[in-house]
Amino acid sequence: MIDAGESGTSLKSYFDRYDLLALLVLTVVAFVLRFFSPILPDFFLHPTSGPWITNCVTKTPVDPSGTPGTLCGLAYPFNRGYPDAAGNLSPPNGQVFDEVYFPVDARNDIKGIESCHPTTVGCPYNYIDPEPPFAKTIIGAGMWAYGWYRAHFQGASGDYIDLGFNTFGWRIAAAIFGTLCIPMMYLLARRMWPNRLFAIAAATLACFDGMFFIQSRIGMIDIFPIFFILASYFLFFVHLQSRSARATLVSLVALGTVLGIGIASKWIVLAAWGSIGFFLLLRMVLSSVDVEWGPLKKLPAPPVPYVAVGVVALIVIPAAIYLASWYPFFARGQFQSLSDLWNYQVWAYDYHKNLTATHPYGSPAWSWPLLARPVLYYAEYYPYFGVDQFTGQELQARMLDLGNPWIWLTSLPAVISLPYFVVKHRSFPAAVILLGFITQYAPWWPITRVLFMYHMFGGLVFMVLALAFVLVQIANKLPAPDRKVLVTVHLSIAIVFFGYFYPVWTATPLSNPAWVLSPGTPLWGPKLWFDHCPNPPPPASQPNLFCWN
């Protein structure tokens, strides 16, 4: 078995027109699914009038008061608000799950810069959030851009950030970055192992996974660090495969820059920073004793300049970017000094470490790969969607951050087998995938605060890579005609699963029997496989596992 990086494939020819075609097709498919969903076959209801396919959900709440209307594509779903004792609606602007936090913070960052100054005391746009700000800056850029579009092309008037403060505005950036994750996964896999089938498999699995999909269609921050993790590992391999001193140093600076942006988006990118730093140090050690392992070959650049640039690239630049990402806090006067910033970091760390709040959708880290407790992001029930025109049954819609069961469950033996490839075949890609998975997943285990299944997202990157890697390794053992068949069959099943659970990820209104097993359930079964949830449910402090609702 030939290890990636040792096959002798020329880096100049590792990416050709066939790769470009595969990358473009996957990117277009990913964008259409993320931007236009929910895509519905309307020809069953209107076979002779109107378009056969629509991406609009009729009879859906279109404002916090729950007024029935029609919402299309990325703007759907819109969460109907529920009044509190004072009559205030919650959520107030149609937010779904954590959209009640991040888009609001993003708007406050921009409004604070517009309305306040560094010397302002008590700026009304100050806020406290334990997450770094840059991902929210990206969300805010999407809202501002959509507000600009509305002002210039739709005749709207007002502040751009206010015009873009809606479900479409705060989701568009996530849709763009979520789409870009697919070509980035392809490029990473192609660099990691010069095997086109591996790259196609990895990108296809990412394209049709439920968590990759749903986090690309919601105004949360999680998709952004995932993109930067993928980009960081891609630049890591570009760096290792550099053939000149100049290219080595330039790629190192680029790597540090992307890592810095990622860390400023969410702290989970620190795991990528640590893993990549470990391999770079290992490269220096092996280079000093003339030992080569995959792409860990002798440094093209002299050791002293390399170390100096490495310190700047991997420590100074990320620290500077992280500091600069807090500009909105200084610009509106919430931070008056660096000590304020430092105290805020200490508070954020203590918050994550000592949070005692509970949540009915919380789950322990060990249960995430088993899809034991997906988080319900959105639910709307009868009478807002009316009834099924074929069966007369009440319609309801749900949206859960469920991963694609076929991808997740088949990836587990692939991850477990990685040490075999590392030890038996000295596979450098297997080592990178394994360490990447461990560093993204293991740190969650000792944390005692309430956790959610979407915290598995960082580990999912490497679950996908592990599955694609092992799948192609097995395929390479088969006769030539059967290699692509094995991979194609596995990917086709993943796509079928994606279609089956598509309503779960897009909140497509379905009848109750289509969701849960009951009289009238279709022959292909219910969408919620685990519906044996205790009634009444256990206290929020106890995880309600293997319960999808």
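Our subject is the structure listed above.
Basis of the calculations
Residues numbered from 1 in each chain as written. Predicted model: local features only at pLDDT ≥ 70, side-chain atom pairs only at ≥ 80, totals over all residues. Heavy atoms only, no water. Helix = DSSP H or I, 4+ residues; strand = E, 2+ residues; numbered from the N terminus. Contact = heavy atoms within 4.5 Å. Areas by Shrake-Rupley, 256 points an atom, 1.4 Å probe, with all protein chains shown as cover. 1 Å grid on protein atoms, 1.4 Å probe; cavity = no way out; pocket = protein on both sides within 12 Å on 5 of 7 lines; lining within 4 Å. Points joined across faces, edges and corners; volume = space filled by probe spheres on them. Nonpolar A, V, L, I, M, F, W, Y, C, P; charged D, E, K, R; others polar. Expected span 1.5 Å × (residues − 1). Bend = angle between axes of the 7 residues up to and from the residue. Patch = residues over 30% accessible without salt bridge, like charges linked within 9 Å, V, L, I, M, F, W, Y side chains within 5 Å. Salt bridge = Lys/Arg side-chain N within 4 Å of Asp/Glu carboxyl O. Buried < 20%, exposed > 50% of the residue type's maximum accessible area, 1.4 Å probe, protein only.

Enquirer: I'm lost on the overall build of the protein in this one. Help?
Expert: Across its full length, the protein carries 18 helices and 9 strands. Projected onto its principal axes, the C-alpha positions of the protein cover 70 × 70 × 50 Å. For the protein, long-range pairs separated by at least 24 residues make up 70% of all intrachain contacts whose partners lie at least 6 apart in sequence. Total accessible area computed for the protein in this model is approximately 23100 Å², and 68% of it derives from carbon and sulfur atoms.

Enquirer: For this particular structure, what's the right way to read empty space enclosed by the protein?
Expert: In this approach the atoms are scanned with a rolling probe the size of a water molecule, which exposes any empty space left behind. One pass over the full model with this rule turns up 1 cavity of 30 Å³ or more. Computed from the structure, the largest cavity encloses a volume of approximately 60 Å³. Along its surface, the largest cavity is lined by Asp 222, Ile 226, Lys 266, Ile 268, Gln 440, Trp 444, Tyr 454, His 455, Met 456, Phe 457 and Gly 458. Taken together, the residues of the lining of the largest cavity break down into 6 nonpolar, 3 polar and 2 charged.

Enquirer: Where do I start with helix 17 (residues 480–506) in this structure?
Expert: Think of an α-helix as 3.6 residues a turn; residues three or four steps apart then line up on the same face. Counted at 1.5 Å a residue, the expected span for helix 17 with its 27 residues is 39 Å, and the 39 Å between its end C-alpha atoms agrees. Within helix 17, the axis deviates most sharply at Tyr 500, by approximately 50 degrees, and proline Pro 503 lies no more than four positions further along. Two residues or fewer after helix 17 comes Ala 507, characterised by a positive phi angle close to 60 degrees.

Enquirer: Explain unusual backbone geometry to me, please; I cannot follow it from the model alone.
Expert: Backbone torsion omega between Ser 37 and Pro 38 reads 5 degrees, so that peptide bond is classified as cis. With respect to the secondary-structure elements, Pro 38 resides in the loop between helix 1 (17–36) and strand 1 (40–41). For Leu 371, which is not a glycine, the phi torsion comes out positive at approximately 55 degrees. In this structure, Leu 371 sits in the loop between helix 13 (338–354) and strand 7 (376–380). A positive phi angle, close to 60 degrees, is found at Ala 507, a residue other than glycine.

Enquirer: How should a nonpolar patch on the surface be read in this particular structure?
Expert: Among the surface-exposed residues, Leu 270, Trp 273, Val 307, Val 311, Val 312, Ile 315 and Val 316 lie close enough to one another that they form a single nonpolar patch of about 560 Å² accessible area. Those elements giving two or more residues to the nonpolar patch turn out to be helix 10 (269–288) and helix 11 (303–324). Sorting elements by how many residues they give to the nonpolar patch places helix 11 first, with 5 residues. Note that Val 316 resides in helix 11. For Val 316, a relative accessible area of 46% gives the class partly exposed.

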